[in-house]
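# Examining the three-dimensional arrangement
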Amino acid sequence: MKRYQKISRVLSIIFILNIIIAIIKISLGLLYKLNSLTADGFHALTDSSSNIIGLIGIKFASKPPDAKHPYGHRKYETIASLMIGIILFYITMHIIYRAIKWFLNPITPNINFISIIPIFCTFIINLFISVYEYKQGKILKSEVLISDSIHTRSDLLISFGVIVTSVLIILKVPSIIDPILSLMIALFIFYSCMQILKATTSILVDSNIIDHEKIIEVIYQEDPNILDVHKIRSRGSEDYIYIDLHIIIPKDKSITYAHDLSHRLQDKLKKVLNKDVELIAHIEPDILD
């Protein structure tokens, strides 16, 4: 429970910062008629909405297992991450739409070097958010924080591009550079979207999450009496992994030995993988012995 509280606290801090950034960018974009900055502002606005989704997902994920959900509610965090990816896809389409609209009705931005200062300040805030959120995501092993940090990381590229565009326009480069940059921004966001969707769908469809060779290596190192390891399966997320496998041991070993072996293997996997692991070991006697 404490872990989920820490994740919620991080998301709450980032939510407030994203709202501030969004207001600044959209206001300046409309004021200076700078399409790429306005697009960046709407992207920042989706950051705040993704924070809300993350908070809701964490709220549900923190619930303990019950009769209807014996494996717990952890996948609500994954679902929240998936929704962040879907939001990114939506904002990609929105930015493409605004860029096309500019080509149909060109607008000349009204910007100067002084106006770049607040844009640069938002870039610094985004840099802090990206580093802080990703670091906390790794420490807390949180899918939603890592997904959201990928979302925020794309803001850095976008903000940097907006600054470059602003400078070029001030230096009298044709303003068509603005919608062109907007389309480039859309590509970066789409790439981030695909990263998140790939990671979350992999968890939701129970793809193997740990290399089987690594599991086999750990198993054999723990006990020399183990004769064979097979039918290995793994699934789970960044913070919790389920592994089930079949192990063959000499037929003269007792049930107590097999029981203790199962617990020892689970503890060993937790230590080596540095993750919470739930192991189901089907221990079988060696019928050929």
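Below is a summary of the structure that appears in this document. (Residues numbered from 1 in each chain as written. Predicted model: local features only at pLDDT ≥ 70, side-chain atom pairs only at ≥ 80, totals over all residues. Heavy atoms only, no water.)

### Quick notes on the pairing of strand S2 (residues 240–249)
Along S2, 10 of the 10 residues are buried, which leaves the element largely enclosed by surrounding structure. Taking every second residue as pointing to the same face, both faces of S2 are buried, with Tyr240, Tyr242, Asp244, His246 and Ile248 on one and Ile241, Ile243, Leu245, Ile247 and Ile249 on the other. Pairing analysis gives seven bridges linking strand S1 (residues 228–236) to S2, with the strands arranged antiparallel. The residue of S2 that forms the bridge with His230 is His246. Hairpin geometry of S1 and S2 is characterised by an intervening segment of three residues between the two adjacent antiparallel strands. Both S2 and strand S3 (residues 276–285) contribute to a ladder of 10 bridges, which runs parallel. The partner of Ile248 across the bridge, within S3, is Glu284. Each parallel crossover has a hand, and for S2 linked through helix H8 (residues 255–273) to S3 it is right-handed. (Buried < 20%, exposed > 50% of the residue type's maximum accessible area, 1.4 Å probe, protein only. Helix = DSSP H or I, 4+ residues; strand = E, 2+ residues; numbered from the N terminus. Pairing = 2+ DSSP bridges. Right-handed = clockwise from strand over helix to strand, strands pointing away.)

### Structural notes on the nonpolar core
Ile7, Ile119, Val144, Leu145, Val162, Ile185 and Ile189 are the most contacted members of the largest nonpolar core, which totals 44 residues. Only helix H1 (2–32), helix H2 (35–61), helix H3 (75–104), helix H4 (113–140), helix H5 (143–170) and helix H6 (177–204) provide two or more residues apiece to this core. Among the elements that line this core, the one with the most residues is H5, at 10 residues. Apart from residues lying up to four places away in sequence, Val144 is in contact with Ile7, Leu11, Gly54, Ile58, Glu77, Ala80, Ser81 and Ile84. (Core = buried A, V, L, I, M, F, W, Y, C linked by side-chain atoms within 4.5 Å. Contact = heavy atoms within 4.5 Å.)

### A short note on the pattern of salt bridges
All chains considered together, the criterion is met by four salt bridges. The shortest N-O distance in the salt bridge between Glu222 and Arg264 comes to 3.1 Å. With Glu222 in helix H7 (residues 212–222) and Arg264 in helix H8, this pair connects stretches of sequence that are 42 residues apart. Overall, Glu222 belongs to the partly exposed group, its relative accessible area being 23%. A residue is classified by how much of its surface remains accessible, and Arg264, at 30% relative accessible area, is partly exposed. Across the pair Asp223 and Arg264 runs a salt bridge whose closest N-O atoms are separated by 2.8 Å. Of this pair, Asp223 sits in the loop between H7 and S1 while Arg264 sits in helix H8; the two residues are 41 residues apart in sequence, bridging distant segments of the chain. It is possible to trace a salt-bridge network through shared partners that takes in Glu222, Asp223 and Arg264. (Salt bridge = Lys/Arg side-chain N within 4 Å of Asp/Glu carboxyl O.)

### A short note on unusual backbone geometry
Phi at Asp206 takes a positive value of approximately 60 degrees, unusual for a residue other than glycine. Using a relative accessible area of 35% as the deciding quantity, one classes Asp206 as partly exposed. The backbone of Asn274 sits at a positive phi, close to 55 degrees, despite the residue not being glycine. Relative to the elements of secondary structure, Asn274 occurs in the loop between H8 and S3. Assessed through its relative accessible area of 55%, Asn274 is described here as exposed.

### Remarks on the sheet that holds S1
Pairing is mixed across the open sheet formed by three strands, whose spatial order is S1-S2-S3. Strand pairing shows two members of the sheet lacking a second neighbour, S1 and S3, which therefore form its edges. Taking each pair of neighbouring strands and ignoring which way they run, the sheet shows an average axis angle of 15 degrees. (Axes fitted to C-alpha atoms, helices over the stretch in contact; angles between N-to-C directions.)

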